[in-house]
Amino acid sequence: MQVLHDTPLAPLTTFRLGGPAARLVTATTDDEVIAAVREAKAAGTPLLVIGGGSNLVIGDKGFDGTALRIATRGFALDGTTLEVAAGEVWSDVVARTVEAGLAGIECLAGIPGSAGATPVQNVGAYGQDVSAALTEVVAYDTHEDATVTLTNEQCRFSYRHSLFKERPDRYVVLRVRFRLEDAEGLSAPVAYEQTARALGVGMGERVPLAHAHDTVLKLRASKGMVLDPEDHDTWSAGSFFTNPILGNKEFAAFRERVAERLGPDAEAPAFPVGASATKTSAAWLIDKAGFTKGYGSGPARISTKHTLALTNRGEATTEDLLALAREVVAGVRDAFGVTLVNEPVTVGVEI
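Residues numbered from 1 in each chain as written. Predicted model: local features only at pLDDT ≥ 70, side-chain atom pairs only at ≥ 80, totals over all residues. Heavy atoms only, no water.

**Quick notes on the overall build of the chain**
Looking only at helices and strands, the chain features 10 helices and 18 strands. Taking 20 Å as the expected radius of gyration for a compact globule of 351 residues, we find that the chain reaches 20 Å, a close match to that expectation. With the C-alpha coordinates aligned to their principal axes, the bounding extent of the chain is approximately 60 × 50 × 40 Å. Within the chain, buried positions represent 50% of all 351 residues. Long-range contacts, defined as pairs at least 24 residues apart, comprise 61% of the intrachain contacts of the chain with a sequence gap of at least 6. Counting only carbon and sulfur atoms, one obtains 49% of the accessible surface of the chain, whose full area is about 15600 Å². For the chain, the distance from the average site of its 33 positive side-chain charges to the average site of its 44 negative ones is 3 Å. (Helix = DSSP H or I, 4+ residues; strand = E, 2+ residues; numbered from the N terminus. Rg over C-alpha atoms; globule rule 2.2 N^0.38 Å. Buried < 20%, exposed > 50% of the residue type's maximum accessible area, 1.4 Å probe, protein only. Contact = heavy atoms within 4.5 Å. Areas by Shrake-Rupley, 256 points an atom, 1.4 Å probe, with all protein chains shown as cover. Lys, Arg positive; Asp, Glu negative; His and termini not counted. Charge placed at Lys NZ, Arg CZ, Asp CG, Glu CD.)

Below, the structure written as structure tokens:
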């Protein structure tokens, strides 16, 4: 277990932003993770858990406590059952399941970050969510001082949400277990229209696993959503805002605002969520509120490839990023009466 003091955290995040940690601990085993968490709790020291750093916005002043970087490794495949350590690189996990001929997470290709972070956010893209394939999460419960195994149901998954996001002070993910599908080299049924179009198939059809995986990677790369140190459009946290879910009355009022601003024939994207709510597109809202691709004149700007990504053009500070985020939130609220919610976790700052 490596321990450093007054160490910059910016290099550990995909934004490449944030000040130093008073103490940075890198743990390579589950026992080391638990020991570091216990030590911080016993000392009353604030604790920040870091995986791949792809979902973090850390303040310029840094973190006055212990930052715990989880660097555990482990990939165990038994038939269609997979167990991975929290510190495994998620994109590598997906690639290895595709190489093994197993379907279920192939459309989650190229998502930056660690495997242990995926259940926290209930990561999803291109018609697949982690929660659909996940069976159990092994975590350290700080309240009980014990390692616990939580079933899918106990994880309380919903759109970009989970028990772990709800109770970040209680659980530290150690291992994640999945049940995949052996579809004789084919993908899971295609469940996202853009993916189906790119693959040239209908919704619900299956395609060769590698073709699905590689097509999603190309789609993500075209939007600046695959990490590339030379491309500042990828110096981001991916999607910065979640897609709003509006109740029926809220959605009716929203449609009226759309018609007022864009004309009576304008229609916003709408995806039913049960009988009482509708999800719409944050990217569409941002664009129609006037924040187009490349928006901004400072060191933090909207991606030139996708309106949902806020980016560091190389010399930004966290305050630069937050100023842009606040401008976008205020602009969308003024235009459409909808308040966007940030997807990344903020540390020492607020949007």
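**Describing the sheet that holds strand β11 (residues 146–151)**
An order of β6-β7-β12-β10-β11 is seen for the 5 strands of this open sheet, with the pairing classed as antiparallel. Single-partner strands in this sheet number two, and they are β6 (75–78) and β11. Each neighbouring strand pair of the sheet contributes to a mean axis angle of 20 degrees, computed without reference to strand direction. Looking at chain direction, strand β10 (residues 134–141) and strand β12 (residues 171–179) are connected through 7 bridges and run antiparallel. (Pairing = 2+ DSSP bridges. Axes fitted to C-alpha atoms, helices over the stretch in contact; angles between N-to-C directions.)

**Thoughts on the packing of helix α8 (residues 248–262) against helix α10 (residues 318–336)**
Between two packed helices, the angle of one axis relative to the other and the distance separating the axes together describe the packing. Closest axis-to-axis distance for the α8/α10 pair is 8 Å, and the angle between their directions is 90 degrees. The orientation of α8 relative to α10 falls into the category roughly perpendicular. Taking contact as the criterion, the partners of F254, R257, V258, R261 and L262 in α8 are, on α10, R333, D334, A335 and F336. Class assignment for the residues of the contact of α8 with α10 results in 5 nonpolar, no polar and 4 charged. (Parallel < 35°, antiparallel > 145°, perpendicular 65-115°, else oblique. Nonpolar A, V, L, I, M, F, W, Y, C, P; charged D, E, K, R; others polar.)

**Some thoughts on α8**
Given 3.6 residues per helical turn, the α-helix brings residues three or four places apart onto the same face. Between the first and last C-alpha of α8 there are 21 Å, a value that for 15 residues agrees with the 21 Å anticipated at 1.5 Å per step. Listed in full, the buried residues belonging to α8 are F251, F254 and V258. Looking straight down α8, one finds its buried side chains confined to an arc of 55 degrees; they lie on one side. Seen from the buried face of α8, the exposed residues on the opposite side, beyond 90 degrees, are K249, E256 and E260. In this structure, the buried side of α8 is in contact with β13 (245–247), β15 (277–279), α9 (282–288) and α10. (Expected span 1.5 Å × (residues − 1). Arc of directions from axis to C-beta.)

**Examining the pattern of salt bridges**
Applying the stated rule across the entire model yields 17 salt bridges. A salt bridge links R160 to D129, with the nearest nitrogen and oxygen atoms 3.3 Å apart. Residue R160 is located in the loop between β11 and α5 (163–166), and its partner D129 is located in strand β9 (residues 128–129); the two are separated by 31 residues in the primary sequence. On the basis of relative accessible area, R160 is assigned to the buried category, the value being 13%. The class for D129 is partly exposed, based on a relative accessible area of 32%. Note that E136 is salt-bridged to R177, the shortest N-O span being 2.9 Å. Of the two residues, E136 is situated in strand β10 and R177 in strand β12; the sequence distance between them amounts to 41 residues. Connected via shared salt-bridge partners are D30, E83, E136, R175 and R177. (Salt bridge = Lys/Arg side-chain N within 4 Å of Asp/Glu carboxyl O.)

**With respect to the nonpolar core**
Within the largest apolar cluster, 45 residues are counted, with the highest numbers of intra-cluster contacts made by W90 and F178. Sort the elements by how many residues they give to this core and β12 lands first, with 6 residues. In this structure, F15, L308, L310 and V328 belong to the second largest nonpolar core, which totals 35 residues. (Core = buried A, V, L, I, M, F, W, Y, C linked by side-chain atoms within 4.5 Å.)

**Considering the layout of surface pockets**
There is about 480 Å³ of room inside the second largest pocket. What lines the second largest pocket is a set of 28 residues, and nearest its centre among them are T14, G52, V89, G113 and L227. Within the lining of the second largest pocket, the residues separate by chemical class into 12 nonpolar, 11 polar and 5 charged. (1 Å grid on protein atoms, 1.4 Å probe; cavity = no way out; pocket = protein on both sides within 12 Å on 5 of 7 lines; lining within 4 Å. Points joined across faces, edges and corners; volume = space filled by probe spheres on them.)

**Considerations on unusual backbone geometry**
Positive phi values are uncommon outside glycine, yet Y126 reaches one of about 50 degrees. Note that Y126 resides in the loop between β8 (124–125) and β9. On the basis of relative accessibility, which here comes to 9%, the residue Y126 falls in the buried class.

**Observations regarding the environment of A133**
Checked against the element boundaries, A133 lands in helix α4 (residues 130–133). For A133, a relative accessible area of 6% puts it in the buried group. Sequence separation between A133 and R177 is 44 residues; the distance between their C-alpha atoms is 8.6 Å. Not counting the four nearest positions on each side in its chain, A133 is found in contact with G104, I105, R177, F178, R179 and L180.

**Side note on the sheet that holds strand β2 (residues 20–27)**
Taken together, 4 strands build an open sheet; the order of strands is β1-β2-β5-β3 and the sheet is mixed. Two strands lie at the open edges of the sheet, namely β1 (2–8) and β3 (47–50), each paired on one side alone. Across the sheet, the mean angle from the axis of one strand to that of its neighbour is 25 degrees, orientation sign disregarded. By the bridge criterion, 6 bridges tie β2 to strand β5 (residues 63–70) in an arrangement that is parallel. For A27, the partnering residue across the bridge sits in β5 and is I70. Together, β2, β3 and β5 form the strand contacts of helix α1 (residues 30–43), whose direction differs from that of β2 by roughly 145 degrees.

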